[in-house]
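Notes for the structure review
The chain contents come next:
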Amino acid sequence: VRPDEVAWIRKVLDYNVTGGKMNRGLMVVESGILLFGDRCTNDDLCRFAVLGWVIEMLQAWLLIADDIMDSSVTRRGQPCWYKKDGLGVAAINDAFLVEMLLFKALRRHFGDRPEYSRLVDLVMETTLQTELGQLLDIKCDTAPLSAF
């Protein structure tokens, strides 16, 4: 990856992944601590933190795409990513980048672990269910009242 691409990706992640309440990611860490209790090692905590960031990245890429599809103007009190600096629909690629980076993080930190395939499947299933919900949202905009 070229340095200018790294700089762009960092900008995308800083703007879209951080800045919220981070509840999803923090709940992953807290849940892991509760489940493992005294058996929780530093390595476990690091994996919980990575998984928390993966969940935050999942949310971020889906919100980037959702904002474009819904023509949203703001997110978390600031312009939506696609509205920032006139980026427009090019932000779709940034959403895909964030999605792929979350899978890279999963593979790097869990690829050799027995739970890896289940984690990948969980992210894919969550994405599918979210995208099906988005489909309903889009269809509701144009469906006649009789469709309900």
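Comments concerning the overall build of the protein
A tally of helices and strands in the protein yields 5 helices and 2 strands. The principal-axis extents of the C-alpha atoms in the protein amount to approximately 55 × 45 × 25 Å. In the protein, which comprises 148 residues, the share counted as buried stands at 33%. Accessible area for the protein stands at about 9,700 Å²; split by element, carbon and sulfur atoms hold 60% of it. Between the averaged position of the 17 positive side-chain charges in the protein and that of its 21 negative side-chain charges there is a distance of 3 Å.

Quick word on the nonpolar core
Within the largest apolar cluster, 28 residues are counted, with the highest numbers of intra-cluster contacts made by Val-54, Leu-102 and Leu-106. Taken together, the elements giving at least two residues each to this core come down to α1 (3–16), α3 (42–70), α4 (91–110) and α5 (116–142). Here the element with the most residues in this core is α3; it accounts for 10 residues. If we ignore the near neighbours within four places in the chain, the residues touching Leu-106 are Leu-51, Val-54, Gly-111, Tyr-116, Leu-119, Val-120 and Val-123.

Considerations on a nonpolar patch on the surface
On the surface, Val-89, Ile-92 and Phe-96 cluster together into a nonpolar patch covering about 280 Å² of accessible area. By the secondary structure assignment, Ile-92 is in helix α4.

Quick notes on the rules
Residues numbered from 1 in each chain as written. Predicted model: local features only at pLDDT ≥ 70, side-chain atom pairs only at ≥ 80, totals over all residues. Heavy atoms only, no water. Helix = DSSP H or I, 4+ residues; strand = E, 2+ residues; numbered from the N terminus. Buried < 20%, exposed > 50% of the residue type's maximum accessible area, 1.4 Å probe, protein only. Areas by Shrake-Rupley, 256 points an atom, 1.4 Å probe, with all protein chains shown as cover. Lys, Arg positive; Asp, Glu negative; His and termini not counted. Charge placed at Lys NZ, Arg CZ, Asp CG, Glu CD. Core = buried A, V, L, I, M, F, W, Y, C linked by side-chain atoms within 4.5 Å. Contact = heavy atoms within 4.5 Å. Patch = residues over 30% accessible without salt bridge, like charges linked within 9 Å, V, L, I, M, F, W, Y side chains within 5 Å. Salt bridge = Lys/Arg side-chain N within 4 Å of Asp/Glu carboxyl O.

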